[in-house]
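The residues making up each chain are set out below.
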Amino acid sequence: MFFSRFIIDTTFDTNRIEKLYELLSKDIPDLELVWRYKREIVDNPSEADNVSILNNYKTFFTLVETRNRGNIRFSLVKGYEQIVLNALKETGITVEPQSFSTPIICVFAYILLFIIACAANPDYAPFLSVLFVILLSGIISYAISAFKNYDCEIPGYSSVLTIIGLVCFSPSSLLLFPLITALNKQKLHNLIEQDN
């Protein structure tokens, strides 16, 4: 689920990932490091093209070499969030502050499409407006949590509201994904850097 994972963009550096695993396994019990090539488990990290760190057999960290992108699920390491954030910072797996220029252009295009849809179907305008407010409230609460130092989990109601709005306005709601991705990365950046 998009709202339960934080996106990271980092190089696939086996030494850095092994160091991250070592730091985490000192404090978090039942961790397992799994290297894979395609879907097959491999023993040699140099042969791998993706890696996962499992907590109780559930993947909470994953990184794929071909995209240099991965994700972290803090919901699977409850109580250890700060340990994970400190280990990410110590190993240099960080997220740059996000530029919101492209996401804002996409949001304006989305709003323009909404206005055109309301003008083309004036009978449905009130219904569309209610759905738009639902989507907007979810996005705003998600944005607020991205820039404030809340816990690692996004409030559940914002996820529900946003998903309802995205589904109701698909496929035009795809224009909002750059914004959601940027907010997601900005939230992780703020969490990692909040101690500085």
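The structure reproduced in this document is the subject of the present report. Bear in mind the structure is a predicted one, so any value in this text is a computation, not a measurement.

About the thresholds
- Residues numbered from 1 in each chain as written.
- Predicted model: local features only at pLDDT ≥ 70, side-chain atom pairs only at ≥ 80, totals over all residues.
- Heavy atoms only, no water.
- Pairing = 2+ DSSP bridges.
- Helix = DSSP H or I, 4+ residues; strand = E, 2+ residues; numbered from the N terminus.
- Axes fitted to C-alpha atoms, helices over the stretch in contact; angles between N-to-C directions.
- Parallel < 35°, antiparallel > 145°, perpendicular 65-115°, else oblique.
- Contact = heavy atoms within 4.5 Å.
- Salt bridge = Lys/Arg side-chain N within 4 Å of Asp/Glu carboxyl O.
- Phe/Tyr/Trp six-rings, centres within 6.5 Å; stacked < 30°, edge-to-face > 60°.
- Buried < 20%, exposed > 50% of the residue type's maximum accessible area, 1.4 Å probe, protein only.

1. Describing the pairing of strand β2 (residues 31–37)
Okay, so step 1: Note: β2 against strand β4 (residues 50–55), six bridges, orientation antiparallel. Bridging across to β4, Glu-32 finds its partner in Leu-54.
Okay, so step 2: Strand direction decides the pairing type here: β2 and strand β3 (residues 40–42), joined by three bridges, are antiparallel. By the bridge assignment for β3, Tyr-37 is matched with Glu-40.

2. Some thoughts on the packing of helix α2 (residues 81–91) against helix α6 (residues 177–193)
Okay, so step 1: Between α2 and α6, the shortest axis-to-axis distance is 9 Å and the interhelical angle comes to 90°. Classified by the angle between their axes, α2 and α6 sit roughly perpendicular to one another. Within the contact between the two elements, α2 uses Leu-85, Leu-88 and Lys-89 and α6 uses Leu-188, Leu-191 and Ile-192.

3. Brief notes about the pattern of salt bridges
Between side chains of opposite charge, a pair can form when the charged atoms approach closely.
Okay, so step 1: For the structure on display, the rule yields two salt bridges.
Okay, so step 2: Asp-9 is paired through a salt bridge with Lys-185; the nearest N and O atoms lie 2.4 Å apart. Here Asp-9 is found in strand β1 (residues 6–9), whereas its partner Lys-185 is found in helix α6, with 176 residues between them in sequence.
Okay, so step 3: Each of the salt bridges in this network shares a partner with another, and the network as a whole consists of Asp-9, Arg-69 and Lys-185.

4. Comments concerning the packing of aromatic side chains
Okay, so step 1: Considering all chains together, one arrives at four aromatic pairs under this definition.
Okay, so step 2: Taking the centre distance of 6.2 Å and the plane angle of 20° together, the rings of Tyr-110 and Phe-132 count as stacked. Linking Tyr-110 in helix α3 (residues 101–120) with Phe-132 in helix α4 (residues 125–147), this pair joins segments that are 22 residues apart in sequence.
Okay, so step 3: Looking at Tyr-110, the relative accessible area reads 3%, which means it is buried.

5. Here we look at the sheet that holds β4
Okay, so step 1: Here six strands make up an open sheet; going across it, the order is β1-β6-β5-β4-β2-β3 and the pairing antiparallel. Sheet topology places β1 and β3 at the edges, where each strand pairs with a single neighbour. Across the sheet, the mean angle separating the axes of adjacent strands is 30° when strand polarity is ignored.
Okay, so step 2: In terms of strand pairing, β4 meets strand β5 (residues 58–64) through six bridges, oriented antiparallel. Note that in β5 the partner of Val-51 across the bridge is Leu-63.
Okay, so step 3: α6 rests against β1 and β6 (69–72) of the sheet, and its axis sits at about 80° to β1.

6. Some points on the environment of Leu-33
Okay, so step 1: Within the secondary structure, Leu-33 is located in strand β2.
Okay, so step 2: Separated by 55 residues in the primary sequence, Leu-33 and Leu-88 have C-alpha atoms spaced 15 Å apart.
Okay, so step 3: The contacts of Leu-33, once residues within four sequence positions are left out, are Ile-17, Glu-18, Tyr-21, Val-51, Ser-52 and Ile-53.

7. Side note on unusual backbone geometry
Okay, so step 1: Backbone geometry places Tyr-57, a non-glycine residue, at a positive phi of 70°.
Okay, so step 2: You can see Tyr-57 is positioned in the loop between β4 and β5.
Okay, so step 3: Residue classification places Tyr-57 among the exposed positions, given a relative accessible area of 74%.
Okay, so step 4: Unlike most non-glycine residues, Asn-68 shows phi in positive territory, near 50°.

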